[in-house]
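Listed below, chain by chain, are the residues.
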Amino acid sequence: MTTSQRKKCLVEFQLAEQPLRAGEVAIVGAGPGDPGLLTLRALMLIQQADAIVYDRLVSPQIMELVNPGADRIHVGKASGCHYVPQEDTNELLVQLAVKQRRVVRLKGGDPYIFGRGGEEAEFLVDNHIDFQVVPGITSAAGCASYCGIPLTHRDYSQSVTFVTGHRKADQSLELNWRVLAAPGQTRVFYMGLHNAPTIVSELIAHGVPGDCPAALVERGTTPQQHMAVTTLENLEATILSEGFQPPTLIIVGEVVRLAEKLARPNEAGWYSGQNESVAAIAGGRAV
């Protein structure tokens, strides 16, 4: 047997193993939407689970890969409209595990990046439930890459900051704006549409130029992807004119200038309607 054959057998064995025990919960990141971005372990777990507890950000294409015999329990949340309170979701995971179900808690993106996975893991520990965590490609990385925006670049951005644009119980958005306004970085705001006026006014007040490039990405990496490029000072107008709805990422930084050059060709409708928006930055000018 050759070395490559041995490696292939090893991979096949690892994928065929039984990683999820009865009474165990797997907190799994489903990635930003494209099923091709699922990790192999995530795919294996959702095909073996007895119960899938999933969020609204898990795409229909990924749900098609779930074990057909598994119970599917939707606990999706939207800003200001929590269909299932987080406390009830926590209790549900424990109840299913106590019943000796093999449970997958399936979350869009990565469960530990603005996904409340940490809160759920704490609750499982407090209730003596075994669990594992499977990381996923976070929305910022997946959506930016699909839109031709490298989050870091030696010529434009030496760091990237992921920021929540929405606070618990609709609290005011109090962030370290001075740090966020520092040059040489990319800022990615999750769940920021509602607080876009605050994001714009605070960044500009702390020194970010109004003509700094900004991008909006709704349902990135899916067939419904909607992307627009604008400037910070025109961000609110673009949200209104383009009709952006949650879930939408807001990306602010000089790397957005590369979107037109690096965006993938128009495939599977992912970039339909994007051409005019991508061209919205021309030497820092909003068109």
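Our structure's up above, just so we're on the same page.
Definitions and limits used
Residues numbered from 1 in each chain as written. Predicted model: local features only at pLDDT ≥ 70, side-chain atom pairs only at ≥ 80, totals over all residues. Heavy atoms only, no water. Axes fitted to C-alpha atoms, helices over the stretch in contact; angles between N-to-C directions. Helix = DSSP H or I, 4+ residues; strand = E, 2+ residues; numbered from the N terminus. Parallel < 35°, antiparallel > 145°, perpendicular 65-115°, else oblique. Contact = heavy atoms within 4.5 Å. Nonpolar A, V, L, I, M, F, W, Y, C, P; charged D, E, K, R; others polar. Pairing = 2+ DSSP bridges.

Asker: Give me the packing of helix H8 (residues 196-205) against helix H9 (residues 235-242): which residues, what numbers.
Answerer: Across the interface, H8 lies against H9 with an axial gap of 9 Å and an inter-helix angle of 155 degrees. Taken together, the axis directions place H8 and H9 in an arrangement best described as roughly antiparallel. For the pair H8 and H9, contact is made by Ala-196, Pro-197 and Val-200 and by Leu-235, Glu-236 and Ile-239, respectively. Partitioned by chemical class, the residues of the contact of H8 with H9 number five nonpolar, no polar and one charged.

Asker: Lay out the sheet that holds strand S7 (residues 131-134) with the relevant residues and their values.
Answerer: Ordered in space as S3-S2-S6-S1-S7, the five strands form an open sheet in which the pairing is parallel. Bordering the open sheet on either side are strand S3 (71-74) and S7, each of which pairs with just one other strand. Averaged over all adjacent pairs, the angle separating strand axes in this sheet is 20 degrees, with direction ignored. Where strand S2 (residues 51-54) and strand S6 (residues 103-107) come together, four bridges link them in parallel fashion. Counted as the bridge partner of Ala-51 is Val-103 from S6. The strands touched by helix H2 (residues 40-48) within the sheet are strand S1 (25-29), S2, S6 and S7, with S7 carrying the most contacts at an inclination of about 135 degrees.

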